Amino acid sequence: FYGFAALILSYYTEYTFQGGVTVKHKNITAAILVLSAFAGLCACTPAIDNGLTRSPQEHISVPEASVSASETDAGVPDESRQPDTPAQAAPVTGFDESILNQANTMLASMSLEEKVGQMFLARCPEADAASEAAAYHLGGYVLFSRDFENKTQEQVIADIQSCQDAVSVPMFIAVDEEGGTVNRVSLNPQLRPYPFWSPQELYAEGGLELVQSDALDKSILLKNLGINLNLAPVCDVSTDPQDFIYARSFGQPAAETAQYVTTVVEAMNTQQMGSVLKHFPGYGSNTDTHEGIARDTRSYETFTESDFIP
């Protein structure tokens, strides 16, 4: 109703915005018409759904047979029904179905606060890291050079374990150990005699075989410290030394970069080390987004033929 009223009013109106730009009423009318239709659709959604609108978690974890009569008849959840009942495992591929069952069981026992906390990978504070992790039910911590500086292997292990002991759901403990210009752990000579090499240095010295060996060594070192997620490898396609990310990249075209990424991730998987494919496709030939916004005006086909491949 309100959308229709606004539609009528807008038809007889011209709009002048800051800078002297004038928009004819027809453009505004069209915009309001679209918004009105969208608002009407949103308002009708509960009726269309027949009162069965549920949260994404419930869609995943509540089997259809467990929906009570009161829920289907009145559209109001039955308070006596146990929420978030683990689902019968849906067909999955790529890993053991027991993992999905375990995840659903864990999810069903968690409070809303715990579920929200699990969405955060936070920077590890310099003090009270364990108590903070417990208080906010954090999904994980990311560690930086300061968290390893001048520490022995035993001290790093104890620090990480104190956080894991404080929480009910095991945490992701992450680092940026890319090799080359971005290392956190191996900058400390007490943890490794020398820093890890960059992808380009490894490839120049020993090809993908040395890349694989390095990824294994890196994963074993991190795992022994209690780290289970490495924010690597860098998958950006960059072949121009003037690019900001070039020194951190593999420095080769898309196909070769994809081979590098595959080699590294497969090696990490053998050690059960989590990997992160970074950065946003297109960053390879772009500017430093630590200092401003990058805009990429290339065609979509350019991405499908290059940046998306790795």
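To be clear, the structure that these remarks concern was listed above.
What comes next concerns the included structure. (Residues numbered from 1 in each chain as written. Predicted model: local features only at pLDDT ≥ 70, side-chain atom pairs only at ≥ 80, totals over all residues. Heavy atoms only, no water.)

**Some words on the overall build of the chain**
Next, step 1: A count of helical and extended segments in the chain gives eleven helices and seven strands.
Next, step 2: Sorting the 310 residues of the chain into buried and exposed places 35% on the buried side.
Next, step 3: Sequence separation of 24 or more characterises 55% of the internal contacts of the chain that already satisfy a separation of 6 or more.
Next, step 4: A total of about 18800 Å² of accessible surface is found on the chain, and carbon and sulfur atoms cover 58% of it. (Helix = DSSP H or I, 4+ residues; strand = E, 2+ residues; numbered from the N terminus. Buried < 20%, exposed > 50% of the residue type's maximum accessible area, 1.4 Å probe, protein only. Contact = heavy atoms within 4.5 Å. Areas by Shrake-Rupley, 256 points an atom, 1.4 Å probe, with all protein chains shown as cover.)

**Digging into the packing of aromatic side chains**
Next, step 1: Enumeration according to the criterion identifies five aromatic pairs in this entry.
Next, step 2: Aromatic side chains Phe250 and Tyr260 sit 4.6 Å apart centroid to centroid with 10 degrees between the ring planes, which places their arrangement in the stacked category. Placement of Phe250 in the loop between strand S6 (229-230) and helix H10 (254-270) and of Tyr260 in helix H10 is noted, with a sequence separation of ten residues between them. As far as burial versus exposure is concerned, Phe250 and Tyr260 are alike and both buried.
Next, step 3: Site record: aromatic cluster; members linked through ring pairs are Tyr203, Phe250 and Tyr260.
Next, step 4: Arg192 extends its terminal NZ or CZ atom over the ring of Tyr194, reaching a point 4.8 Å from the ring centre.
Next, step 5: Above the ring of Phe303, the side-chain terminus of Arg298 is found at 4.8 Å from the ring centroid. (Phe/Tyr/Trp six-rings, centres within 6.5 Å; stacked < 30°, edge-to-face > 60°. Lys NZ or Arg CZ within 6 Å of the ring centre and 35° of its normal.)

**Let's talk about the packing of helix H7 (residues 129-136) against helix H8 (residues 153-166)**
Next, step 1: Axis separation between H7 and H8 bottoms out at 8 Å; the angle between their running directions is 25 degrees. Here H7 is positioned roughly parallel relative to H8, judged by the angle of their axes. Considering the relative orientation of H7 and H8, their crossing is right-handed. Within the contact between the two elements, H7 uses Ala129, Ala130 and Ala134 and H8 uses Ser162, Cys163 and Ala166.
Next, step 2: Of the residues contributing to the contact of H7 with H8, the split by class is five nonpolar, one polar and no charged. (Axes fitted to C-alpha atoms, helices over the stretch in contact; angles between N-to-C directions. Parallel < 35°, antiparallel > 145°, perpendicular 65-115°, else oblique. Left-handed = near helix turned anticlockwise from the far one by under 90°. Nonpolar A, V, L, I, M, F, W, Y, C, P; charged D, E, K, R; others polar.)

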